[in-house]
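What the coordinates show
The residues making up each chain are set out below.
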Amino acid sequence: MGQSIKIEIWDGDMTKEYMQERIDLYSDMLYKIAYLQLKNSEDAKDIVQEVFYQYIKRQEEFDSEEHEKAWFIKVTLNGCRKLWRSAWFRHTEGLPKQEEASENNLEKEILEREKKKRLLEEIWRLPRKYREVIHLFYFEEMSVKEIGEVTGRNPSTVTSQLTRGRELLKKRLKEEYRYE
Amino acid sequence: MNDFKTTYQNAVSDIENVHIDLDSVLDEGRRKRFKVHRKRQKLFTAAAAGGIFILCTLGTSQAAEYVKTVIKANEYGFWSGDMLTMSRNTSEQKEAGDEEHALAGSMAGAEWEKELADTLKMEEDELVIESTEGETREYTSIEDFREKEDAVFVLPDLERMGYTADSERVWVNGSFISAQLTIGEKYLIFDRIDYSETKTGHASSTVFMGGVCNERTYITGRGYEYLLVDSKEKTEEGQLVIHAAVSAGYYEIYVDFFGFSEEEMQQILEQMDLSYYEPGKK
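So, here's what we can say about the structure.

Each value, and the rule that gives it
- Residues numbered from 1 in each chain as written.
- Chains lettered and ligands numbered in written order.
- Predicted model: local features only at pLDDT ≥ 70, side-chain atom pairs only at ≥ 80, totals over all residues.
- Heavy atoms only, no water.
- Helix = DSSP H or I, 4+ residues; strand = E, 2+ residues; numbered from the N terminus.
- Buried < 20%, exposed > 50% of the residue type's maximum accessible area, 1.4 Å probe, protein only.
- Contact = heavy atoms within 4.5 Å.
- Areas by Shrake-Rupley, 256 points an atom, 1.4 Å probe, with all protein chains shown as cover.
- Pairing = 2+ DSSP bridges.
- Axes fitted to C-alpha atoms, helices over the stretch in contact; angles between N-to-C directions.

Our focus in this paragraph is the overall build of chain B. Broken down by element type, chain B carries 8 helices and 13 strands. Burial statistics for chain B: of 282 residues in total, 51% are counted as buried. Across chain B, contacts joining residues at least 24 apart in sequence account for 62% of those joining residues at least 6 apart. Per element, the accessible surface of chain B, about 12,700 Å² overall, is 46% carbon and sulfur.

Here it is, written out as structure tokens:
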């Protein structure tokens, strides 16, 4: 049985510490979700901060940590949808800078980096809904049912979007990938 | 064969980690800026239902026979185009099999409304959006924009009117420039589109979420006639939104007033000297 997590009324340093702990626990996950949706770090940070604001103001209890996590993901995705950009404001950034390759295995690291870069570029080209399900399935390792719950879609729709997303990736990526 | 999951996880893990501070989460100033920024983007975002901005820059090899641009209003927002080039381009594009441009070119009069209705039924990710190429440059002050860009972009002298802007942002993308100014609880959005480099006439349409009403005109002391409409829906804060549109020279200018009265809106329009957009007048 999951632990019940209640957001106490703001009072004292203990609560502040607890809040900061929750922020530290979830911020990376939410930032990555938002960044992959919005393709812009400032907007992604804005969304994540706003999500935590809503979290702090929320008075309802979570049934469990899983419930809390699902709530965070759902609210973040909703926030990203509302901030979805048109081509007019596509001031997307390049992919994140990476550390310099070490001298050892330089060629291998460069090839690996290029592969990851190409993959992320193709992920960003996917329609937003496919990006969402691909990320939640492959990175957050959520089930189709769980993805359906946080995105508000039927499991069959999620499966269909996963399939179509994979098909588009297969078509565009030169590398052959195994997609289980 | 590579494993997609492993590669994807490694790629995403390379995305920077961020530290979010509790104080910044609770900072009301940040929240206010975020809300204003979000409203701004909503107006110019192609959404599944509601506001769609589709700019059509139809290109052919023929030189433009420029016919005076007319901005009109309908129940959704504004649209513009000179009929001669729009009708010519529509037939040419259809022959070329360019369905996307044909859709854009046919957006005039009664056909426009039908096309828009069909477009609104499309899923968000299937929307066809015509846009300019190239990156968007963003500036966090008008001063910075003026220093680094040499484009003509007329803005009112708000200080002269007793207003002090709390924040200023300017975006430049090709022939399109947009500025957002926040003044307390009110804010302004100025957009201008330059058609002087297009090879044909131009056509554009702006749709506001919830539709518009109360169409009217206002003629400034300088003789420019603005077409005005109100958004049917107020903002979340209960503000009235007035939209103004005018063309001058090869430019189209749109101004959105959030939380301003009719009188205040007129005063601001009076401050805008649109003769800068007309060659030979300045």
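Glancing now at the overall build of chain A. Within chain A one finds 7 helices and 1 strand. Each helix (α) and strand (β) of chain A, taken in turn from the N terminus, gives the series α-α-α-α-α-α-α-β. Put simply, chain A has 180 residues, and 51% of those count as buried. Within chain A, contacts between residues at least 6 apart in sequence are counted, and of these 66% link residues at least 24 apart. Put simply, chain A shows about 9,600 Å² of open surface, and 46% of that area lies on carbon and sulfur atoms.

For the rest of this paragraph, the subject is unusual backbone geometry. One non-glycine residue, Glu141(A), lies in the positive phi region at around 55°. Inspection of the secondary structure assignment puts Glu141(A) in the loop between helix H5 (128-138) and helix H6 (144-151). With a relative accessible area of 49%, Glu141(A) lands in the partly exposed category. Although it is not a glycine, Asn214(B) adopts a positive phi angle of roughly 60°. Its place among the elements puts Asn214(B) in strand E10 (residues 212-219).

Take the sheet that holds strand E12 (residues 241-248) of chain B next. Residues and elements named next belong to chain B. Across the sheet, 8 strands lie side by side as E5-E6-E7-E8-E13-E12-E11-E10; this open sheet has antiparallel pairing. Edge strands, defined here as strands with exactly one partner in the open sheet, are strand E5 (137-139) and E10. Across the sheet, the axes of successive neighbouring strands diverge by a mean angle of 15°, strand direction being ignored. Where strand E8 (residues 186-194) lies against strand E13 (residues 251-258), 8 bridges are found, and the strand directions are antiparallel. Looking at the pairing, Asp-191 lines up with Tyr-254 of E13. Sheet strands in contact with helix H8 (residues 262-270) are E8, E10, strand E11 (225-231), E12 and E13, and its direction is about 45° off that of E10.

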